[in-house]
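Here is how the chains run, residue by residue.
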Amino acid sequence: MMKRYRYLYPQRYLLLVMLRQLSTHGLSRSQKYHRIGVIGGGASGIFSAIAAASFNSDESLTVTVFEATQQPLQKVKISGGGRCNVMHDTSKSVSTILQGYPRGNKELRGLYTKQFGPSEAREWFEQRGVQLKTEADGRMFPVTDSSSTIMECLMEAADDAGVTVQLQSRVANINVTPHGNFQVVVQRRSETEPQTLSFDAIILATGSSAVGYQLAANLGHTIVPTVASLFTLSCKFAVQPGGLLHELSGVSVPHAMIQLKLEDVASTGGGSKPKKVTIQQEGPLLITHHGLSGPCALRLSAFAAREFAQVRYRAHLRVHWAPKLGSNTEQVFEKLWALTDIHTKKLVATTCPIIEADIPRRLWASLVQQAGIDAQVRWGEVSKKLIRALAQQIAECSLEMTSKGTFKEEFVTAGGVDLKEIDLKSMESKKVPGLYVCGELINVDGVTGGYNFLNCWGTGHVAGVSAAQHATITKQPQIQAMEQ
């Protein structure tokens, strides 16, 4: 009954708990409640709240989550197409997993290896009855294939720990008092006037919300400019009639490579001298109605997020459709030319005779056509010039990217609170003692595959524990000094 009451009437629940404490033990000034406010009810916010509330078993610590919308854990609900890609393959080494973070890979190393990493995250969920499975690409899901399993696990853990979740409660401002406490201005949808609440520690976990960036900036933090990450590569000319990708939607290439090469690009590190940039990624590639998607394209979008933004998502891409055939056009040409003596009677356009190339039939036929080889020409009849043109289409295929698309399963932003201003051992702000920042609000982002949730679990747990230590241990001598 009390658990349900906590969610329906959070303010009345807190009053009941205080009255119960008074009736049994009495409440002296030195036994004041320690209060932690968590701004944001997403993955990192709820997880940090659980960690904070679980820090001590008595009821002297209260943790309140403020969520502006009608439902917490919204990204958890839609992640992985509703299955929730909760983390990445925990059997891999931490060093290998860190390679999935375009930004934050160095900074997360200590946290993942010494405090709360992938293995600890898996154990946390399994200890609460969630069975996980690992798919071939390293993504991990609950065996139920339902995000509800993860959502229910998190909310039940929050409930058991005594966390209060206030929905439709927008935080408008956070002020720091001379004593180091926090005054949080909350506007609830059901109330006409905002309410100001006092807290001993604050955890900012607003994800990629503009409100969160503004709150952090108001408290003195530098916000690394945000740009989109994890998007598909639209190539509108290539998918039109006559283009290489026309009517190839749904074709999947098991192993391809995409390269982005730019000149005179402004340095992302803040340098004034323009530089040349070459970024490439390998992996499975999916052709869509609009262009390119799949792990290879998405990884490129993440690792070249700022470069793509600088050129306004218009660039020339170079695609190698079969890296196993050779690293360049000349190597591919040599293997293809050898086929003219082996498969003299077979049509070139039918299929690629080299099994290791692994080029789908429909894509192969389009590559042959783009090279200028007639559909009725046999291997024994084709010229060196046309074979070389085909080799170039395979190894150095030029596609014009005309815009960025959307990747429906993930909404990730590169940028956020500057990591230089955060103590990664505790996730505490170096600007404001007692302020903790975690999750996607900080300048950390991962590729698709469960990396971003790992960031939420890891930084959220450390932020929660550290905030509880600050509120219950660090603040206690201050309270006693004020009383004397």
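The following paragraphs examine the structure supplied in this document. Position numbers for residues count from 1 along each chain, tracking the sequence in the order it is written. Side-chain atom pairs in this predicted model are given and counted only at pLDDT of 80 or more, local residue features only at pLDDT of at least 70, and totals for whole chains, interfaces and linings cover all residues. The side-chain values count all of the structure's non-hydrogen atoms but skip hydrogen atoms and water molecules.

Helix and strand labels come from DSSP, where a helix needs a run of H or I of at least four residues and a strand needs a run of E of at least two; each type is numbered from the N terminus. Turning to its location among the elements, Thr329 is positioned in helix α12 (residues 329–338). Distance from Thr329 to Gln392, taken between C-alpha atoms, is 5.2 Å for residues 63 residues apart in sequence. Any pair of residues with heavy atoms lying within 4.5 Å of one another is described as a contacting pair. Excluding anything up to four places from it in sequence, Thr329 contacts Arg388, Ala391, Gln392, Ala395 and Glu396.

Our focus in this paragraph is the pattern of salt bridges. Note on definitions: salt bridges are taken to be side-chain nitrogens of Lys or Arg within 4 Å of carboxyl oxygens of Asp or Glu. Applying the stated criterion to the full structure yields 13 salt bridges. The closest approach of N and O atoms between Arg103 and Asp445, which form a salt bridge, is 2.6 Å. Here Arg103 is found in the loop between α5 (94–98) and α6 (108–114), whereas its partner Asp445 is found in the loop between β22 (435–437) and α15 (451–483), with 342 residues between them in sequence. Accessibility classification places Arg103 together with Asp445 in one group, the buried group. One salt bridge in this structure joins Arg188 and Glu191, with 3.8 Å as the shortest N-O distance. Of the residues examined, Arg188 reaches a relative accessible area of 8% and is grouped as buried. Type-normalised accessible area, obtained with a 1.4 Å probe on protein chains alone, sets the label of each residue: buried when under 20%, exposed when over 50%, and partly exposed for intermediate values. Given the relative accessible area of 29%, Glu191 is considered partly exposed.

On to the sheet that holds strand β9 (residues 195–199), then. A strand pair is defined by DSSP finding two or more bridges across the two strands. Spatially, the three strands line up as an open sheet ordered β7-β8-β9, and their pairing is antiparallel. Every interior strand has two partners, whereas the edge strands, β7 (169–176) and β9, have only one. Recorded for the sheet is a direction-independent mean angle of 30° between the axes of neighbouring strands. The pairing of strand β8 (residues 182–188) with β9 spans five bridges and is antiparallel. Bridge assignment links Phe182 to a residue of β9, and that residue is Phe199. Fitting a line to C-alpha atoms yields each axis, with helices limited to the stretch in contact; the angle taken between N-to-C directions then spans 0 to 180 degrees.

A few words now on the side chain of Gln166. Note on placement: Gln166 falls in strand β6 (residues 164–166). Pairing of N or O atoms within 3.5 Å defines a polar contact, subject to two protein rules: one partner must be a possible hydrogen donor and the other a possible acceptor, and residues neighboring in sequence count only if both atoms are side-chain atoms. One polar contact links Gln166 to Arg188, side chain to side chain, over a distance of 2.5 Å.

Next up on the list: the pairing of strand β13 (residues 252–265). Of the strand pairs in this sheet, β13 and strand β14 (residues 275–287) are connected by 10 bridges, and their pairing is antiparallel. Across the sheet, the residue bridging to Leu260 is Ile279, located in β14. Direction of pairing for β13 relative to strand β16 (residues 315–320): antiparallel, over a ladder of four bridges. Residue pairing for β16: Gln259 is matched across the bridge by Arg318.

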